[in-house]
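Examining the three-dimensional arrangement
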Amino acid sequence: MSEPAPSTPAGAELVSDRSQSPMWIFVLTLTLLYLGAVYFDRHSGWFDKDVYSPYANAAMLESYQPKSGAAMAAAQGRRVYEQVCGLCHGADGLGKPGQAPALAGSEWVIAAGHNRLAHIPLLGINGQISVAGKGWNLGMAAMGASLSDSDLAAVLTYIRTSWGNQAGEVTADDIKNIRAGLGGHLQPMSSDQLLAMPE
Amino acid sequence: MLLVSWSAFVLAPQLQLGGAKQVPVLNSTEVYPHTRPGEANQGLQVYRANGCAACHTEQVQQDGVACDVVLASAGKNPDAVSNLLATLTLRGLSQEAAQAVSDKITAAGGKVETHIVAVGPDIARGWGLRHSVAEDFLYDNLVQFGSLRIGPDLAGVGSRLPDANWQLLHLYAPQSVVKGSLMPPFRYLFTTRKIGAAPSPDALNLPKEFAPADGYEVVPKPEAKELVAYLLNLHADVPLYDAPFTPVVVAKP
């Protein structure tokens, strides 16, 4: 048996005294609140709907946006190709019988210069054309108006460097110059007109 | 009290995300996501009805983000650059480290690019290129998050396994394409019938073990085709502002 707890001395009255809660509790609470606020400020992204972990805030997210460069251009080129050109020329660049000639191995695509090549999507092409030794007589509509300089440059670079093609890059500035040189010309080109201009 | 929590957990997110729209794909004129074509949209309901979400999630997680330094061209002094490269770590760097490495290579005459890559176990398993974000689910009516991963995450399965025939074979007999697969077969999405005048072009090309008796063929019901259309439409792996990464095009042979 344990000792009974000592009871209040007989006759003594129970008084509630005004002893204070210890100071350290306040200090601790405030410190924790402060640290919490700092953590929140650093990691919450301030409820920005675009910011999720692992990005702590909008500035960090901004700093991780990929810079443009060859990799981004290649991805852009592939996207434009698959959206615009691939329907006719095929995702593999091999063309489709009766629809469009191949781009893989085409002398128009892998030419040393890109002047003739750029005119094809800019203005379209009509009539007889020989591609890698095969004759075609179809038509391809102009797509210059709907493609920006950078999209067109990216897609031409893409077709010049895919499926075994190994030719130089085309830049947005190149396209800008060629576009400026078109003047008022809007008719689709013919193969002969293209061959008459510099490569 | 109830009002405060309702405002914080229902009203505020609704105001923030309720009006979510398509967003531009990084460095592209394209927007994301596209509405699902009708068949794929039907497929979502088939997915739901068959409880695929009991074993599969559609949410890729990401732990962090890193920089890879990639050589774009070796410049005039390729030997010096390649000797230097052999001494450097080029992958999985912090932004500062990547900058330092790029500076060193540039000083030696090379040209580099810094690629942004998402990192985490899910990314390492090849389930996606970035974490899932709100936009991925914009057109899902009844989002199929799932919570248990008996099978792999399917958020990007349309990019990973783009072959419709593979998907049909896998649904009819998972073990015919994945040895020892634990996934249950979904045979009732297919009909086994007597071959008519000519074999159906839709008939599955099954390995002997799984093939029906001679003179019979297995053809997918419309539900199976819809389900596969839905699976092939799952491409939650385009770079977006809120989930950035550098897309890398693997040169096609």
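Basis of the calculations
- Residues numbered from 1 in each chain as written.
- Chains lettered and ligands numbered in written order.
- Predicted model: local features only at pLDDT ≥ 70, side-chain atom pairs only at ≥ 80, totals over all residues.
- Heavy atoms only, no water.
- Helix = DSSP H or I, 4+ residues; strand = E, 2+ residues; numbered from the N terminus.
- Rg over C-alpha atoms; globule rule 2.2 N^0.38 Å.
- Buried < 20%, exposed > 50% of the residue type's maximum accessible area, 1.4 Å probe, protein only.
- Areas by Shrake-Rupley, 256 points an atom, 1.4 Å probe, with all protein chains shown as cover.
- Lys, Arg positive; Asp, Glu negative; His and termini not counted.
- Charge placed at Lys NZ, Arg CZ, Asp CG, Glu CD.
- Contact = heavy atoms within 4.5 Å.
- Axes fitted to C-alpha atoms, helices over the stretch in contact; angles between N-to-C directions.
- Parallel < 35°, antiparallel > 145°, perpendicular 65-115°, else oblique.
- Nonpolar A, V, L, I, M, F, W, Y, C, P; charged D, E, K, R; others polar.
- Buried area = accessible area lost by both parts, 1.4 Å probe.
- Polar contact = N/O pair within 3.5 Å; in protein donor to acceptor, adjacent residues only side chain to side chain.
- Pairing = 2+ DSSP bridges.
- Phe/Tyr/Trp six-rings, centres within 6.5 Å; stacked < 30°, edge-to-face > 60°.
- Lys NZ or Arg CZ within 6 Å of the ring centre and 35° of its normal.
- Domains from an automatic or database assignment.
- Core = buried A, V, L, I, M, F, W, Y, C linked by side-chain atoms within 4.5 Å.
- Salt bridge = Lys/Arg side-chain N within 4 Å of Asp/Glu carboxyl O.
- pLDDT = per-residue confidence, 0-100.

With that out of the way, let us pick up the overall build of chain A. Helix and strand counts for chain A come out as seven helices and three strands. The C-alpha atoms of chain A give 36 Å as radius of gyration, which overshoots the globular expectation for 199 residues (16 Å, by more than 25%). When the backbone C-alpha atoms are referred to their principal axes, chain A occupies close to 125 × 45 × 25 Å. Burial statistics for chain A: of 199 residues in total, 37% are counted as buried. With the model as given, the accessible surface of chain A reaches about 12300 Å², and the carbon-plus-sulfur share is 60%. Counting 12 positive and 17 negative side-chain charges, chain A places the centres of these two groups 8 Å from one another.

Moving on, we come to the overall build of chain B. Broken down by element type, chain B carries nine helices and six strands. Over its C-alpha atoms chain B spans a radius of gyration of 24 Å, topping by over 25% the 18 Å that the globule rule assigns to 253 residues. Counting only residues that meet the buried cut, chain B has 40% of its 253 residues in that class. Counting only contacts in chain B whose residues sit at least 6 apart along the sequence, the fraction spanning at least 24 positions is 72%. Accessible surface, chain B as shown: approximately 13900 Å² in total, 59% of it carbon and sulfur.

The next thing to look at is the packing of helix H3 (residues 70–89) of chain A against helix H5 (residues 149–161) of chain A. All names here are of chain A. The interhelical angle for the contact between H3 and H5, taken along N-to-C directions, is 90°, at an axis separation of 7 Å. As far as their axial angle goes, H5 and H3 are roughly perpendicular. The segment H3 lies against H5, with Ala73, Ala74, Gln76, Gly77, Arg78, Val80, Tyr81 and Cys85 engaging Ser150, Asp151, Ala154, Val155, Tyr158 and Ile159. Of the residues that constitute the contact of H3 with H5, the class distribution is nine nonpolar, three polar and two charged.

Listed by partner, the interface residues are 32 residues for chain A and 30 residues for chain B. Taken over both partners, the interface formed by chain A and chain B buries close to 2800 Å², and the fraction arising from carbon and sulfur atoms is 55%. Interface area lost by chain A to chain B is led by Tyr52(A), Tyr64(A) and Arg79(A), which between them contribute 22%. Inspection of the region where chain A meets chain B yields four residue pairs in polar contact (both at pLDDT 80 or more).

Next up on the list: the sheet that holds strand E2 (residues 134–140) of chain A. Within a sheet, adjacent strands bond to each other through the backbone by hydrogen bonds, running parallel or antiparallel. Reading across the sheet, the three strands line up as E2-E1-E3 (chain A) and stay open at both edges, with mixed pairing between neighbours. Of all the strands in the sheet, just E2 and strand E3 (189–190) of chain A have a single pairing partner and so form its edges.

Now for the packing of aromatic side chains. Think of a pair of aromatic rings as described by two things: how far the centres are apart, and how the planes are tilted against each other in angle. The tally for this structure, following the rule as stated, stands at 10 aromatic pairs over all chains. By the ring-pair criterion, three or more aromatic residues cluster together here, those being Phe40(A), Trp46(A) and Phe47(A). Of note, Arg187(B) hangs over the ring of Tyr172(B), and the distance from its end group to the ring centre comes to 4.7 Å.

This part takes up the domain arrangement of chain B. For chain B, the assigned domains are domain 1 (33–61 + 133–232) and domain 2 (64–119). Once you take the C-alpha centre of each, domain 1 of chain B and domain 2 of chain B turn out to be 42 Å apart.

Segmentation of chain A into domains returns domain 1 (22–64) and domain 2 (69–196). The gap between the C-alpha centroids of domain 1 of chain A and domain 2 of chain A is 52 Å.

As a further point, take unusual backbone geometry. Note the cis peptide between Ser53(A) and Pro54(A), where omega equals 10°. Positionally, Pro54(A) belongs in the loop between helix H1 (23–43) and helix H2 (58–63). Pro33(B) follows Tyr32(B) through a cis peptide bond whose omega is -10°. Relative to the helices and strands, Pro33(B) is located in the loop between strand E2 (31–32) and helix H2 (38–49). Unlike most non-glycine residues, Phe47(A) shows phi in positive territory, near 60°. You can see Phe47(A) is positioned in the loop between H1 and H2. Judged by relative accessible area, which is 58%, Phe47(A) ranks as exposed. The phi angle at Leu142(B) is positive, at roughly 70°, despite the residue not being glycine. By secondary structure assignment, the location of Leu142(B) is in the loop between helix H5 (121–124) and helix H6 (157–160).

Below, the discussion takes up the side chain of Gln144(B). All names here are of chain B. Note on placement: glutamine 144 falls in the loop between H5 and H6. A distance of 3.1 Å separates a polar atom in the side chain of glutamine 144 from the backbone oxygen of leucine 142. Dropping the residues within four chain positions of it, glutamine 144 is found in contact with Leu44, Tyr47, Arg48, Ala53, Glu58 and Tyr230.

All names here are of chain A. In this structure, Tyr81, Leu156 and Ile159 are the most contacted members of the largest nonpolar core, which totals 32 residues. Listing elements by their share of this core, those giving two or more residues are H3, helix H4 (115–123), strand E1 (125–131), H5 and helix H6 (172–181). For this core, the element with the highest residue contribution is H5, accounting for six residues. Each residue touching tyrosine 81, except ones within four places of it in the same chain, is listed here: Gly86, His89, Gly90, Ala91, Gly93, Leu103, Val155, Tyr158, Ile159 and Trp163.

A few words on the pattern of salt bridges. When the charged atoms of two side chains with opposite charge come close together, those side chains can pair. All names here are of chain B. Enumeration according to the criterion identifies 10 salt bridges over all chains in this entry. The partner of arginine 91 in a salt bridge is aspartate 68, and the shortest N-O contact between them spans 2.8 Å. Highlighted residues: arginine 91 in the loop between helix H3 (78–86) and helix H4 (95–107) and aspartate 68 in strand E3 (residues 64–73), separated in sequence by 23 residues. With a relative accessible area of 9%, aspartate 68 lands in the buried category. Note that arginine 149 is salt-bridged to aspartate 122, the shortest N-O span being 2.9 Å. Remark: aspartate 122 occurs in helix H5 and arginine 149 occurs in the loop between H5 and H6; sequence separation between them is 27 residues.

Parts of the prediction with low pLDDT should not have their coordinates interpreted in detail. For chain B, the mean per-residue pLDDT works out to 88, and 98% of the residues sit at or above 70. The complex model carries a pTM of 0.74, and its ipTM stands at 0.78.

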